[in-house]
4 protein chains.
Amino acid sequence: MTDSKGSTRVRAAGAKRQRLMSAAAEVVHRQGAERTTIADIARAADVPVGNVYYYFKTKDELVAAALSEHARRLGTLTGGLDALPDPRARLKGLVEAWVSQRELAARYGCPTGTLAAELDKRAEGGLDAEAGRVIRLLLDWAERQFRELGLPEPDGLALTLVGAYQGMSLLANALREPGVMDREGARLLAWLDSL
Amino acid sequence: MTDSKGSTRVRAAGAKRQRLMSAAAEVVHRQGAERTTIADIARAADVPVGNVYYYFKTKDELVAAALSEHARRLGTLTGGLDALPDPRARLKGLVEAWVSQRELAARYGCPTGTLAAELDKRAEGGLDAEAGRVIRLLLDWAERQFRELGLPEPDGLALTLVGAYQGMSLLANALREPGVMDREGARLLAWLDSL
Amino acid sequence: MTDSKGSTRVRAAGAKRQRLMSAAAEVVHRQGAERTTIADIARAADVPVGNVYYYFKTKDELVAAALSEHARRLGTLTGGLDALPDPRARLKGLVEAWVSQRELAARYGCPTGTLAAELDKRAEGGLDAEAGRVIRLLLDWAERQFRELGLPEPDGLALTLVGAYQGMSLLANALREPGVMDREGARLLAWLDSL
Amino acid sequence: MTDSKGSTRVRAAGAKRQRLMSAAAEVVHRQGAERTTIADIARAADVPVGNVYYYFKTKDELVAAALSEHARRLGTLTGGLDALPDPRARLKGLVEAWVSQRELAARYGCPTGTLAAELDKRAEGGLDAEAGRVIRLLLDWAERQFRELGLPEPDGLALTLVGAYQGMSLLANALREPGVMDREGARLLAWLDSL
DNA sequence: TATGAATGAGCATTCATTCAT
DNA sequence: GATGAATGAATGCTCATTCAT
């Protein structure tokens, strides 16, 4: 019931860190990593600029944090889908989740995909590999569903599915047409049913 | 055979501008628009920094030039394919061209796609729409082929084809696996044959 | 006598800002706004260049600060004169103050006047109007004195007085003759007595 | 009657030079010397940038040319007034000429005065002295008229007259009020009559 | 002479990162 | 831990001047 100052502080500190990660995820998705300044993120998280460095030693660490925040959100999504008994239903649920984000996708693209594309242009840091790892998480989850369905080459199917998602997000974004998400989403659902 | 002084100068000037466009296309593809400095492009084109501004008034104009250079190359590619009598063969030729670029795609992604993703995060300038327009060129070309084949919803098929390309490029890039291009390329060829 | 850390910091920060304003006022008066670089002001204020932007977001803001510094000094001058009981004595005190600055005027002109002339050539920014406002302060003060003397058309008299000051400063400056200030100053004193 | 190519060329060259001087006078008056680029003047004179340097070796020479163009125009004005039999009428004619330029003065100030103020802030070049010389021409002319009227201290009267002109131009400009020119102009006319 | 093109020094501004308290 | 302030390297862009023809 009582909170020692210490634990309050720790909790507050943890909250601050989380606030920074969340803000980083949002702002970086919207503006891209390169155009996002530490000050942007600090402002969004309502944390003084000088204080950010207590939680993240470099900007790259903050970008990595944004990435892992997106991974966490992806985990929450697939974790929820795992409750469904049918693997096919899980995959279709994933596609439906994508389509439900159509507006965001048309405006800013897939958070992980666009970040991956951006980070892959960097020579230094190793952040590029990090983005690949998050995408691999998604691929692995999809592959598990396809395998559970007993389909051949579940890894190839996962590649096709996730590739289609990245492609449709990019097109919706580049053309600024959320409708692309609906159209391609419907096609993917039909495809999943046909397997 | 002989060159008047005048035409030499004009040709040289044109050559320099072309050299800058080409350099911009390459460097921007490799480093991204944001991380590319005017100096980078100037160095790659072997042009003094100050002179770049004689040809392009702003960095944005140079990025636009890079984009249109990619559009030009795309035009060259599809223009060549147009010589083929069969639309299906043209589409398959396109996919094969994509696959043949697997190494570049795995390292830097699709030039137009990654640039579109980057530019779409900008509020100012009209550069974002510009990238969309280049992608639309590709979509339109593909749609024409599908229509010539007498297939229903040629625009949707084009969306699926180009989307698959963007997706596979992004995955190959994020995972640093050129093999993705081969695998998905083969699938696309089979799909085209099945239509 | 003792300074808490906080107040020291605040005072130091305020002192730095003031130092920048003061340096800007001086350097801009000497070199003109256009020929003055941020580095010039930073050097004069003994502040690292990059730090200047913590206090003033643009060069224009610094020029505006220089202007308001001059307005402040003008306010100090007229404020001191307000202590005199006789309005005529106040006006003559103003003229005497001008004459006492003869060397500075002959070298660099009236700070506000020359700045106004320079800024009025700019289309952008609202800085031109700003200079006019400072001059209006002087006009208004003079008008109040003339009105208190019960003279007709006090605004016209103020215009004549301030105009004469601007004119003599400009001539003294253009001819590099401080004597112009003495000569015209004496005439103004006689004129004030004759009213 | 016949024009050899040579003389045509010379005449054309002279015309070009004059066009440049005239353009320089106008543009520098409007934008100030510092904000005026060689390209601005070249454009206004319809002369290719590279060619400007054939007529004026440096930008400073062009500014000096602008100054001497203003001196020439001043000479034309006073030369015209010299035709009047009465010196007082000449002086009043000068004031009336000033007032007739009220709009220009309110917008850009006196060409010579503002240029003098700007150039006097320069250490190098000696252009500053040049501006003083043009103003001296005006002072001398006015002094001659006052002397011819048999008035004491004609040089002081000239100083007062020209100073008033500079002052009213500056105020009209700073306040953006052409009315200042009318008001002070009327006062000067009355003053001339009272002498 | 005429002219488009070339050159490089200089400047305002941004921003990640560090420091002092 | 918290915070405003400090720091300096980097970058886009301008422009007077020069060059090649």
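Residues numbered from 1 in each chain as written. Chains lettered and ligands numbered in written order. Predicted model: local features only at pLDDT ≥ 70, side-chain atom pairs only at ≥ 80, totals over all residues. Heavy atoms only, no water.

### Considering the overall build of chain A
Here comes step 1: Within chain A, the secondary structure is distributed over 10 helices and 0 strands.
Here comes step 2: Ordered by position in the sequence, the α and β elements of chain A form the string α-α-α-α-α-α-α-α-α-α.
Here comes step 3: Dimensions along the principal axes, computed over C-alpha positions, put chain A at roughly 60 × 45 × 30 Å.
Here comes step 4: Sorting the 195 residues of chain A into buried and exposed places 50% on the buried side.
Here comes step 5: Across chain A, every contact between residues at least 6 apart in sequence was considered, and the portion connecting residues at least 24 apart equals 68%.
Here comes step 6: If you sum the accessible surface of chain A, you get close to 8,800 Å²; carbon and sulfur atoms cover 56% of it.
Here comes step 7: A gap of 6 Å separates the mean positions of the 27 positive and 26 negative side-chain charges of chain A. (Helix = DSSP H or I, 4+ residues; strand = E, 2+ residues; numbered from the N terminus. Buried < 20%, exposed > 50% of the residue type's maximum accessible area, 1.4 Å probe, protein only. Contact = heavy atoms within 4.5 Å. Areas by Shrake-Rupley, 256 points an atom, 1.4 Å probe, with all protein chains shown as cover. Lys, Arg positive; Asp, Glu negative; His and termini not counted. Charge placed at Lys NZ, Arg CZ, Asp CG, Glu CD.)

### Some points on the relation of the copies chain C and chain D
Here comes step 1: With an RMSD of 0.1 Å, the fit of chain C onto chain D corresponds to turning through 179 degrees and sliding 0.0 Å along the axis. Each copy turns onto its partner about a two-fold axis. Relative to the rotation axis, the C-alpha of Gly167(C) is the closest in chain C, positioned 2.0 Å from it. (Least-squares fit on C-alpha atoms with pLDDT ≥ 70 in both.)

### A few points about unusual backbone geometry
Here comes step 1: Phi at Arg176(B) is positive, roughly 55 degrees, even though this residue is not glycine.
Here comes step 2: Relative to the elements of secondary structure, Arg176(B) occurs in the loop between helix H9 (154-175) and helix H10 (179-194).

### Quick look at the protein's contact with DNA strand F
Here comes step 1: Around DNA strand F, the structure places 28 residues, and the nearest of them are Tyr54(A), Lys16(C), Pro48(C), Tyr54(C) and Tyr55(C).
Here comes step 2: Of what DNA strand F places within 4 Å of the protein, 80% of the atoms are sugar or phosphate.
Here comes step 3: Within the contact set of DNA strand F, a phosphate oxygen lies 2.9 Å away from a side-chain nitrogen or oxygen of Tyr55(A).
Here comes step 4: Listing elements by their share of the surface near DNA strand F, those giving two or more residues are helix H3 (49-55) of chain A, helix H1 (5-31) of chain B together with helix H1 (5-31) and helix H3 (49-55) of chain C. (Near = heavy atom within 4 Å. Polar contact = N/O pair within 3.5 Å; in protein donor to acceptor, adjacent residues only side chain to side chain.)

### Quick look at the pattern of salt bridges
Here comes step 1: One pass over the full model with this rule turns up 74 salt bridges over all chains.
Here comes step 2: The residue Arg35(D) makes a salt bridge to Glu34(C) at a minimum N-O spacing of 3.1 Å. Within this pair, whereas Arg35(D) is found in the loop between helix H1 (5-31) and helix H2 (38-45), its partner Glu34(C) is found in the loop between H1 and helix H2 (38-45), the two belonging to separate chains.
Here comes step 3: Where salt bridges share partners, they join Arg35(A), Glu34(B), Asp60(B), Arg122(B) and Glu124(B) into one cluster. (Salt bridge = Lys/Arg side-chain N within 4 Å of Asp/Glu carboxyl O.)

### Notes on the interface of chain B and chain A
Here comes step 1: Tallying the contact residues gives 42 residues for chain B and 42 residues for chain A.
Here comes step 2: Summing both sides of the interface, chain B and chain A together bury roughly 3,700 Å²; the carbon and sulfur share of this comes to 55%.
Here comes step 3: Counting the surface chain B buries against chain A, the share from its top three residues, Arg35(B), Lys121(B) and Arg183(B), is 20%.
Here comes step 4: One can count 13 salt bridges joining chain B with chain A.
Here comes step 5: Linking Arg176(B) and Asp128(A) is a salt bridge whose minimum nitrogen-to-oxygen distance equals 3.2 Å.
Here comes step 6: Remark: the boundary between chain B and chain A carries 25 residue pairs in polar contact (both at pLDDT 80 or more).
Here comes step 7: In terms of residue count, H9(B) provides more of the side of chain B that touches chain A than any other element does, 13 residues in total.
Here comes step 8: Counted by class, the side of chain B that touches chain A contains 13 nonpolar, 12 polar and 17 charged residues. (Buried area = accessible area lost by both parts, 1.4 Å probe. Nonpolar A, V, L, I, M, F, W, Y, C, P; charged D, E, K, R; others polar.)

### Observations regarding the protein's contact with DNA strand E
Here comes step 1: As a matter of local geometry, DNA strand E sits amid 27 residues, with Lys16(B), Pro48(B), Tyr54(B), Tyr55(B) and Tyr54(D) nearest to it.
Here comes step 2: Protein-proximal atoms of DNA strand E, defined as those within 4 Å of the protein, fall in sugar or phosphate at a share of 79%.
Here comes step 3: A distance of 2.4 Å is found between a phosphate oxygen of DNA strand E and a side-chain nitrogen or oxygen belonging to Lys16(B).
Here comes step 4: Of all the secondary structure elements, the ones that give two or more residues to the surface near DNA strand E are H1 and helix H3 (49-55) of chain B, H1 of chain C together with helix H3 (49-55) of chain D.
Here comes step 5: Its residues assigned to classes, the surface near DNA strand E shows 11 nonpolar, 10 polar and 6 charged.

### What about the interface of chain C and chain D?
Here comes step 1: In this complex, chain C contributes 42 residues to the contact, which on the side of chain D involves 42 residues.
Here comes step 2: Interface area for chain C against chain D, summed over the two sides, is near 3,700 Å², with a carbon-plus-sulfur share of 55%.
Here comes step 3: Looking at the side of chain C facing chain D, the largest losses of area belong to Arg35(C), Lys121(C) and Arg183(C), adding up to 20% of the total buried there.
Here comes step 4: Here Arg183(C) makes a salt bridge to Asp155(D), at a shortest N to O gap of 2.8 Å.
Here comes step 5: Across the chain C-chain D interface, the total number found is 25 residue pairs in polar contact (both at pLDDT 80 or more).
Here comes step 6: Mapped onto the side of chain C that touches chain D, the elements with two or more residues apiece are H1, helix H6 (102-108), helix H7 (111-119), helix H8 (127-148), helix H9 (154-175) and helix H10 (179-194) of chain C.

### Concerning the relation of the copies chain B and chain A
Here comes step 1: Screw-axis analysis of chain B against chain A gives a translation of 0.0 Å along the axis, an RMSD of 0.1 Å, and a rotation angle of 179 degrees.
Here comes step 2: The residues that chain B uses at the interface reappear at the interface of chain A in 100% of cases, marking a shared surface.

### A few points about the packing of helix H8 (residues 127-148) of chain D against helix H9 (residues 154-175) of chain D
Residue and element names in this part refer to chain D.
Here comes step 1: At their nearest, the axes of H8 and H9 sit 8 Å apart, and the two run at 130 degrees to each other. The pairing of H8 with H9 is recorded here as oblique in orientation. Crossing angle aside, the handedness with which H8 passes H9 is right-handed. Touching Ile135, Leu138, Leu139, Ala142, Glu143, Phe146 and Arg147 of H8 are Pro154, Asp155, Leu157, Ala158, Leu159, Leu161, Val162 and Gln166, all from H9.
Here comes step 2: A class-by-class count of the residues in the contact of H8 with H9 yields 11 nonpolar, 1 polar and 3 charged. (Axes fitted to C-alpha atoms, helices over the stretch in contact; angles between N-to-C directions. Parallel < 35°, antiparallel > 145°, perpendicular 65-115°, else oblique. Left-handed = near helix turned anticlockwise from the far one by under 90°.)

### Considering the UniProt feature "domain: HTH tetR-type" (unreviewed entry) in chain A
Here comes step 1: Within this structure's numbering, the places UniProt gives as "domain: HTH tetR-type" (unreviewed entry) are residues 14-74 of chain A.
Here comes step 2: Counting secondary structure, residues 14-74 of chain A comes out at 80% helix and 0% strand; the distance between its end C-alpha atoms is 21 Å. (UniProt positions renumbered as here; feature names shortened; annotations may be inferred.)

### Concerning the environment of Met21(A)
Residues and elements named next belong to chain A.
Here comes step 1: Mapped onto the elements of the fold, methionine 21 is located in helix H1 (residues 5-31).
Here comes step 2: Separated by 117 residues in sequence, methionine 21 and leucine 138 have C-alpha atoms that sit 20 Å apart.
Here comes step 3: Discounting residues that sit within four places of it in the chain, methionine 21 has contacts with Phe56, Ala65, Ala66, Ser68 and Glu69.

### Overview of the packing of aromatic side chains
All names here are of chain B.
Here comes step 1: Evaluated as defined, the whole model comprises 12 aromatic pairs over all chains.
Here comes step 2: Measuring from centroid to centroid gives 3.9 Å for tryptophan 98 and tyrosine 165, while their planes differ by 5 degrees, and the two rings are stacked. Of this pair, tryptophan 98 sits in helix H5 (residues 87-100) while tyrosine 165 sits in helix H9, and the two are 67 residues apart along the sequence.
Here comes step 3: On the basis of relative accessibility, which here comes to 5%, the residue tryptophan 98 falls in the buried class. (Phe/Tyr/Trp six-rings, centres within 6.5 Å; stacked < 30°, edge-to-face > 60°.)

### Re the arrangement of the chains
Here comes step 1: One finds no contact between chain A and chain C; the C-alpha atoms of the two approach each other to within 13 Å at their closest.
Here comes step 2: Across all C-alpha pairs, the smallest distance from chain B to chain C is 20 Å, and the two are not in contact.

### Quick word on H7(C)
Here comes step 1: Summarising burial for H7(C): 8 of the 9 residues are buried, a large majority.
Here comes step 2: Residues of H7(C) that are buried include every one of Thr112(C), Gly113(C), Thr114(C), Leu115(C), Ala116(C), Ala117(C), Glu118(C) and Leu119(C), and no others.

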